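Chains, contacts and geometry: an overview
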Amino acid sequence: CNNFCSYCIVPYVRGRERSRDPQCVLEEVRDLVEHGYKDITLLGQNVNSYGNDLDISYDFADLLSDIDKIPGEYRIRFMTSHPKDATRKLFDTMARCTHVAKQLHLPVQSGSNRILSEMNRRYTREKYLGLVEDIRAAVDGVELTTDIIVGFPGETEEDFEETLALVRQVGFSAAYTFMYSPRLGTRAAEMENQVPEEVKKDRLLRLNACSAEQLKVGNQKYIGQEGTVLVEGCDRREKAPMAYGKLTNFKMVYFPGDAGLIGSMRHVRITGIQNNSLIGELVE
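Parameters at a glance
- Residues numbered from 1 in each chain as written.
- Predicted model: local features only at pLDDT ≥ 70, side-chain atom pairs only at ≥ 80, totals over all residues.
- Heavy atoms only, no water.
- Helix = DSSP H or I, 4+ residues; strand = E, 2+ residues; numbered from the N terminus.
- Rg over C-alpha atoms; globule rule 2.2 N^0.38 Å.
- Buried < 20%, exposed > 50% of the residue type's maximum accessible area, 1.4 Å probe, protein only.
- Contact = heavy atoms within 4.5 Å.
- Lys, Arg positive; Asp, Glu negative; His and termini not counted.
- Charge placed at Lys NZ, Arg CZ, Asp CG, Glu CD.
- Polar contact = N/O pair within 3.5 Å; in protein donor to acceptor, adjacent residues only side chain to side chain.
- Axes fitted to C-alpha atoms, helices over the stretch in contact; angles between N-to-C directions.
- Parallel < 35°, antiparallel > 145°, perpendicular 65-115°, else oblique.
- Left-handed = near helix turned anticlockwise from the far one by under 90°.
- Pairing = 2+ DSSP bridges.
- Patch = residues over 30% accessible without salt bridge, like charges linked within 9 Å, V, L, I, M, F, W, Y side chains within 5 Å.
- Areas by Shrake-Rupley, 256 points an atom, 1.4 Å probe, with all protein chains shown as cover.
- Salt bridge = Lys/Arg side-chain N within 4 Å of Asp/Glu carboxyl O.
- Core = buried A, V, L, I, M, F, W, Y, C linked by side-chain atoms within 4.5 Å.
- Phe/Tyr/Trp six-rings, centres within 6.5 Å; stacked < 30°, edge-to-face > 60°.

So, the overall build of the protein chain
The helix and strand tally for the protein chain stands at 8 helices and 10 strands. Relative to its length of 284 residues, the protein chain is compact, with a C-alpha radius of gyration of 20 Å against a globular reference of 19 Å. Out of the 284 residues in the protein chain, the part that is buried amounts to 49%. Looking at the protein chain alone, contacts between residues at least 24 apart form 70% of all its contacts between residues at least 6 apart. The centroid of the 36 positive side-chain charges in the protein chain is displaced by 2 Å from the centroid of its 42 negative side-chain charges.

Rendered as structure tokens:
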């Protein structure tokens, strides 16, 4: 990673960004598809800076476009994207490609511009919200997930309230939330005004409650909609077995079905919601 966020040790222990040769990636995906894999993830510390160190003019959106040309029944996911490198070209590519999942993991970390600056994130709250607006305009039905840190050194209650407000405004499909913890050798570990543990724990609980509330509101819109689920497993804890899997936008759906459906793509209609997931029925 080349970003050096002030709380993160990764650039020091893992070194600089290195882009694999695109032909090697394409060949690996092609081999996976030929062997029957249906959900493939492109993984990197910052996938959308892919290609910056290559000797050719080729970026992450180009890689997605080329992967999408590989024939077969499969989905492509990717993470993690850094907001400073997210582009309209990437969003337009996601919209155009039939195999690329309609979901974006876009870590915001904080809703406070002051804290974002101290974190060395190199974008503002306004820039992030603009990206949210752009991708929702480009990719129909897209869902957003994020990472958020509470209790960064110097975070005030006002800073934290700005984070809560951003979560309410965006309505993330999932938020992976963390209490800040110092990493030896990072700039943040040496900062003054470290936030007390009890304050961090309280803010994490409040953030999680806010995220859960927004998730429930966001899930309501799916009732009555139809979509294709890639079946991942079967839950037998209920009276009748429930198959489960994800829509292309990463929403988990449970519906009546047995283990024989695992690995298949099934068309479902959403009939209800529960906690973090959706309830559905098969559409024959």
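Details of the side chain of Lys246
Checked against the element boundaries, Lys246 lands in strand E7 (residues 242-246). The class for Lys246 is buried, based on a relative accessible area of 14%. Apart from the residues lying within four places of it in its own chain, the contact partners of Lys246 are Arg75, Arg77, Thr228, Val229, Leu230, Glu232, Lys251 and Met252.

Section: helix H3 (residues 60-68)
Most of H3 sits out of view: 7 of its 9 residues are buried. Burial in H3 covers these residues: Phe60, Ala61, Leu63, Leu64, Ser65, Ile67 and Asp68. Looking at the packing, one finds that the buried side of H3 touches helix H2 (22-34), strand E1 (39-43), strand E2 (75-79) and helix H4 (88-96). Two to three positions downstream of the cap, the backbone nitrogen of Ala61 sits 3.2 Å from a side-chain oxygen, assigning the N-cap of H3 to Asp59.

Considerations on the packing of H4 against helix H6 (residues 125-138)
The geometry of a pair of packed helices is captured by two quantities: the angle between their axes and the separation between those axes. One way to put it is that H4 packs onto H6 with a least axis distance of 9 Å and a crossing angle of 30°. When the axis of H4 is compared with that of H6, the two are roughly parallel. The hand of the H4/H6 crossing is right-handed. Residue-level contacts link Arg88, Phe91, Asp92, Met94 and Ala95 of H4 to Leu131, Asp134, Ile135 and Ala138 of H6.

A few points about the pairing of strand E9 (residues 265-274)
Pairing between strand E6 (residues 226-235) and E9: 5 bridges, direction antiparallel. For Leu230, the partnering residue across the bridge sits in E9 and is Met265. Relative to strand E10 (residues 277-282), E9 is paired through 6 bridges, and the arrangement is antiparallel. Looking at E10, one finds that Ile273 is bridged to Leu278.

Observations concerning a nonpolar patch on the surface
Residues Phe4, Tyr12 and Val13 make up a contiguous nonpolar surface patch of about 310 Å² in total accessible area. For Phe4, the position within the fold is in the segment before helix H1 (10-14). Judged by its relative accessible area of 32%, Phe4 is partly exposed.

A look at the environment of Tyr222
Looking at where Tyr222 falls in the secondary structure, it is placed in the loop between helix H8 (197-220) and E6. Once residues lying within four places of it in the same chain are set aside, the contact partners of Tyr222 are Gly141, Glu143, Asn249, Lys251, Ile270 and Leu278. Separated by 3.0 Å, the side chains of Tyr222 and Asn249 make a polar contact.

Side note on the pattern of salt bridges
Oppositely charged side chains may form a pair once their charged atoms are brought near each other. For the coordinates displayed, the defined rule picks out 20 salt bridges. It is possible to trace a salt-bridge network through shared partners that takes in Glu155, Glu157, Glu161, Asp202, Arg203 and Arg206.

Thoughts on the nonpolar core
One finds Phe60, Ile67 and Phe78 to be the most contacted residues of the largest nonpolar core, which totals 48 residues. Of all the elements, H6 adds the most residues to this core, at 6 residues. Ignoring sequence-local partners within four residues, the contact set of Phe78 consists of Thr41, Leu42, Val47, Phe60, Leu64, Leu90, Met94, Val100 and Leu104. In terms of nonpolar packing, the next biggest core, distinct from the first, is built from 11 residues, Tyr222, Leu247, Val268 and Leu278 among them.

Focus on the packing of aromatic side chains
Per the counting criterion, the structure on display carries 8 aromatic pairs. Aromatic side chains Tyr7 and Phe152 sit 6.4 Å apart centroid to centroid with 85° between the ring planes, which places their arrangement in the edge-to-face category. You can see Tyr7 sitting in the segment before H1 and its partner Phe152 sitting in the loop between strand E4 (143-150) and helix H7 (157-170), a full 145 residues away along the chain. On the basis of relative accessible area, Tyr7 is assigned to the buried category, the value being 12%. By relative accessible area, Phe152 is classed as buried at 0%. A ring pair is formed by Phe152 and Tyr180, whose centres lie 5.5 Å apart and whose planes are at 70°; its orientation type is edge-to-face.

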